[in-house]
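Fold and geometry: a report
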Amino acid sequence: MVEYKHRNLTSIKLFGERVDFIADNPRLEDRVSKISNERHVIDAMIHAARPDDVVWDIGACLGIHSFTTAKHLSDGKVIAFEPMPTNRGVLIDNMTVNHLDNVEVRREALSNEDGTSDFAIREGVEAGFGRHSLDVGDYEKIRSIEVPARRGNSLAVSNDVQAPNIVKIDVE
């Protein structure tokens, strides 16, 4: 198995493109092995995208949608939003492993208000876990952390990021 920073890498081929992912814990391995479950979403994103489109991947996690789509955007860009620190760390490493310069990783949670928000960690703090969300409900959680929150419109109007042509949302 190939390694990056002493972490196992798993390679997959989707829509003619090879994408590498760090898979050094059972949860990451499980997410990468089940990538075919996301094939229909990735297929729709790739077929809808023009070469110069801007795609927002909200709730990017490891970057499965971000990187596969980015490889099909010759002049476009993917903005990957991931507020969970451990997932964002793997997302950044995966971007490096795949040598992608048309992906920008953002730490904000997109919300209906600009500022900061409590972010509920519900499953685990290890990379690969999902089901995290803005802390707005009465449900079990491991803990909450404060994260920057932005309205998508605020980001686009302020020119912090380019406005999207395509948006993928996978959040709780």
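Our structure's up above, just so we're on the same page.
All of these numbers come straight from a predicted model, not from anything done at the bench.

1. Comments concerning the overall build of the protein chain
Along its length, the protein chain carries five helices and eleven strands. Within the protein chain, the proportion of its 172 residues that are buried is 47%. Within the protein chain, contacts between residues at least 6 apart in sequence are counted, and of these 64% link residues at least 24 apart. Carbon and sulfur atoms make up 46% of the accessible area of the protein chain, which amounts to about 8800 Å² in all.

2. Comments concerning helix α4 (residues 85–97)
The terminal C-alpha atoms of α4 lie 18 Å apart, and with 13 residues this matches the ideal 18 Å at 1.5 Å per residue to within 8%. Every buried residue of α4 is accounted for by Asn-87, Arg-88, Val-90, Leu-91, Asp-93, Asn-94, Met-95 and Val-97. Looking one or two residues beyond α4, the residue adopting positive phi is His-99, at roughly 55 degrees.

3. Looking at the side chain of Thr-68
Positionally, Thr-68 belongs in helix α3 (residues 64–70). Polar side-chain contacts of Thr-68 include one of 2.8 Å to the backbone oxygen of Ile-64.

4. A look at the sheet that holds strand β5 (residues 77–81)
The sheet built from four strands is open, its strands ordered β6-β5-β4-β11 with parallel pairing. In the strand order of this sheet, the two ends are held by β6 (103–106) and β11 (166–169), each with one partner. Taken pair by pair, the neighbouring strands of this sheet meet at an average axis angle of 15 degrees, ignoring direction. With four bridges connecting them, β5 and β6 associate as parallel partners. Paired with Phe-81 across the two strands is Arg-106, which belongs to β6. Contacts between α4 and the sheet are confined to β5 and β6, with β6 contributing the most and set at about 165 degrees to the helix.

5. Focus: the pattern of salt bridges
Two side chains that carry opposite charge are able to pair once their charged atoms sit near each other. Tallying each qualifying case throughout the model produces nine salt bridges. The residue Arg-50 makes a salt bridge to Asp-53 at a minimum N-O spacing of 2.9 Å. Taking the shortest distance from any N to any O, the salt bridge between Lys-168 and Asp-57 comes out at 2.5 Å. Within this pair, whereas Lys-168 is found in strand β11, its partner Asp-57 is found in strand β4 (residues 54–58), the two being separated by 111 residues in sequence. One network of salt bridges, in which partners are shared, links Lys-77, Glu-104, Arg-106 and Glu-108.

6. Quick look at unusual backbone geometry
A positive phi angle is found at Cys-61, which is not glycine, with a value near 55 degrees. When you line up the elements, Cys-61 lands in the loop between β4 and α3. A residue is classified by how much of its surface remains accessible, and Cys-61, at 11% relative accessible area, is buried.

7. Some points on the sheet that holds strand β7 (residues 109–110)
Read from one edge of the open sheet, four strands run β7-β10-β8-β9, paired in mixed fashion. Each edge of the open sheet is held by one strand with a lone partner, namely β7 and β9 (133–134). Relative to strand β10 (residues 143–150), β7 runs parallel, the two sharing two bridges. Residue pairing in the sheet places Leu-110 in a bridge with Arg-150 of β10.

Reading guide: rules and limits
- In this convention, every chain numbers its residues from 1, walking through the sequence in written order.
- Per-residue local features of the predicted model are confined to residues with pLDDT of at least 70, and side-chain atom pairs are confined, for both listing and counting, to 80 or more; whole-chain, interface and lining totals are unaffected and use all residues.
- Side-chain metrics rest on all non-hydrogen atoms present in the structure, leaving aside hydrogens and water.
- Helix and strand assignments come from DSSP, with helices taken as H or I runs of at least 4 residues and strands as E runs of at least 2, each series counted from the N terminus.
- Think of it in three bands: with a 1.4 Å probe and only protein chains considered, a residue is buried below 20% of the maximum accessible area for its type, exposed above 50%, and partly exposed in between.
- Here, two residues are considered to be in contact whenever any of their heavy atoms come within 4.5 Å of each other.
- Each accessible area is a Shrake-Rupley result for a 1.4 Å probe, and residues are judged covered by the shown protein chains and nothing else.
- An expected span of 1.5 Å times one less than the residue number is assigned to each helix.
- Polar contact is defined as a pair of N or O atoms within 3.5 Å, subject to the rule that within protein one atom must be able to donate a hydrogen and the other to accept it, and that residues adjacent in sequence are counted only when both atoms are side-chain atoms.
- For two strands to be treated as a pair, DSSP must find at least two bridges joining them.
- Structural elements are reduced to axes, namely lines fitted to C-alpha atoms, with helices fitted over the stretch in contact, and the angle between N-to-C directions of any two is expressed from 0 to 180 degrees.
- Counted as salt bridges are all cases of a side-chain nitrogen of Lys or Arg within 4 Å of a carboxyl oxygen of Asp or Glu.

Geometric values such as these leave the question of function open.
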